[in-house]
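# Understanding the architecture of this molecule
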Amino acid sequence: MSLLSSFDIGATGLSAQALRLNLTASNIANVESVSGPDGRTYRARHVEFSAINKPNAPGAGVAVTKIYESESPLRRQYSPGHPKADALGYVDMPNVNPVEEMVNMISASRSYQMNVEAMNVSRQLLLKTLDLGK
Amino acid sequence: MNAVPKYDSLIFNEAALKLRTHRQEILANNLANSDTPGFKARDIDFAKNLEEQLSGKARSPNSILLATTHLAHISIKPSPDDPNLLYRIPSQPSMDGNSVDSDVELSQFTKNSVFTEAALTFLGGTIRSRMSAITGQPS
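Notes on the structure follow.

## Describing the overall build of chain B
- Along its length, chain B carries 3 helices and 2 strands.
- When its helices and strands are written in sequence order, chain B yields α-β-α-β-α.
- For chain B, with 139 residues in total, the buried portion stands at 35%.
- Pairs at least 24 apart in sequence give 72% of the contacts found in chain B among residues at least 6 apart.
- Accessible surface, chain B as shown: approximately 8,600 Å² in total, 61% of it carbon and sulfur.

What follows is the structure, given as structure tokens:
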């Protein structure tokens, strides 16, 4: 039944966007984290989305295929007194770009709302279908 | 003008409802993939599909196969893609090759859901009036 599968499609969208929001939160929280659990400077994390294809169906939603660390150069900050400072007195700071993160957050939350909207509409239509002929 | 409808309203509305829910799924998929790089928004030509559905000429993926009339002809596998699924023409390009315009998709989605509701109402009304004709009781 098509209306039921649009629920599943909406759910894939919701979980993908929620993961994106999670990563944004993590990036913003770690904007000053000079060292992570592995001792390296924190790098901004982003998601890679890809469409799910299913035979004999117009589409099956979206999936997160990869979470990758940003390759952009780390921010160099001059603070000679810092324990992590190198010989020149510079510290490698995370390459989190706050502007990019905010844009990502807004985009993810809009997309999340859109999927919720779509699921709500499908729900109403399904309930109406249950009442058919009454 | 011919006032007699071409198709029985039960059959017509059933076909319309099936297509409407199918389209609902396509549009939901477009919305879910509004941030997927390289994804192209899809849609169907509703009027054409409904006509084909009602006249029994619905195209399946196998209908666009090449005929192999010679030994040396290579037969190709049927495409997994539905031949009725078209691509939406984007109004403005995007950096990542995604052609989903969420405003267009959401308005189409809402419109489609209203029409689905209409089909459901018509179908319900037809069923009620037939029931009343069968039982002889006003419903």
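## Here we look at the packing of helix α2 (residues 98–130) of chain A against helix α1 (residues 9–32) of chain B
- The interhelical angle for the contact between α2(A) and α1(B), taken along N-to-C directions, is 160°, at an axis separation of 9 Å. Taken together, the axes of α2(A) and α1(B) are roughly antiparallel relative to one another. Viewed along their axes, α2(A) and α1(B) form a crossing whose handedness is left-handed. Facing α2(A), whose interface residues are M114(A), N115(A), A118(A), V121(A), S122(A) and L125(A), α1(B) presents Q24(B), L31(B) and A32(B).

## Focus: the packing of aromatic side chains
Residue and element names in this part refer to chain B.
- If you walk through the whole model with that rule in mind, you get 1 aromatic pair over all chains.
- Lying across the ring of F46, R20 places its NZ or CZ 3.6 Å from the centre.
- Between the NZ or CZ atom of R42 and the centre of the ring of Y87, over which it lies, the distance is 3.9 Å.

## Thoughts on the interface of chain A and chain B
- On the side of chain B, 29 residues touch chain A, which itself brings 32 residues to the contact.
- Buried surface at the junction of chain A and chain B, both sides included, amounts to about 2,500 Å², of which 67% is carbon and sulfur.
- At the boundary of chain A and chain B, one finds 2 salt bridges.
- With a closest N to O distance of 2.9 Å, D35(B) and R20(A) form a salt bridge.
- Of all elements in the fold, only α1 (2–29), β1 (45–51) and α2 of chain A reach the threshold of two or more residues within the side of chain A that touches chain B.
- Tallying contributions element by element places α2(A) first for the side of chain A that touches chain B, with 11 residues.
- Its residues placed into classes, the side of chain A that touches chain B shows 12 nonpolar, 16 polar and 4 charged.

Criteria and cut-off values
- Residues numbered from 1 in each chain as written.
- Chains lettered and ligands numbered in written order.
- Predicted model: local features only at pLDDT ≥ 70, side-chain atom pairs only at ≥ 80, totals over all residues.
- Heavy atoms only, no water.
- Helix = DSSP H or I, 4+ residues; strand = E, 2+ residues; numbered from the N terminus.
- Buried < 20%, exposed > 50% of the residue type's maximum accessible area, 1.4 Å probe, protein only.
- Contact = heavy atoms within 4.5 Å.
- Areas by Shrake-Rupley, 256 points an atom, 1.4 Å probe, with all protein chains shown as cover.
- Axes fitted to C-alpha atoms, helices over the stretch in contact; angles between N-to-C directions.
- Parallel < 35°, antiparallel > 145°, perpendicular 65-115°, else oblique.
- Left-handed = near helix turned anticlockwise from the far one by under 90°.
- Phe/Tyr/Trp six-rings, centres within 6.5 Å; stacked < 30°, edge-to-face > 60°.
- Lys NZ or Arg CZ within 6 Å of the ring centre and 35° of its normal.
- Buried area = accessible area lost by both parts, 1.4 Å probe.
- Salt bridge = Lys/Arg side-chain N within 4 Å of Asp/Glu carboxyl O.
- Nonpolar A, V, L, I, M, F, W, Y, C, P; charged D, E, K, R; others polar.

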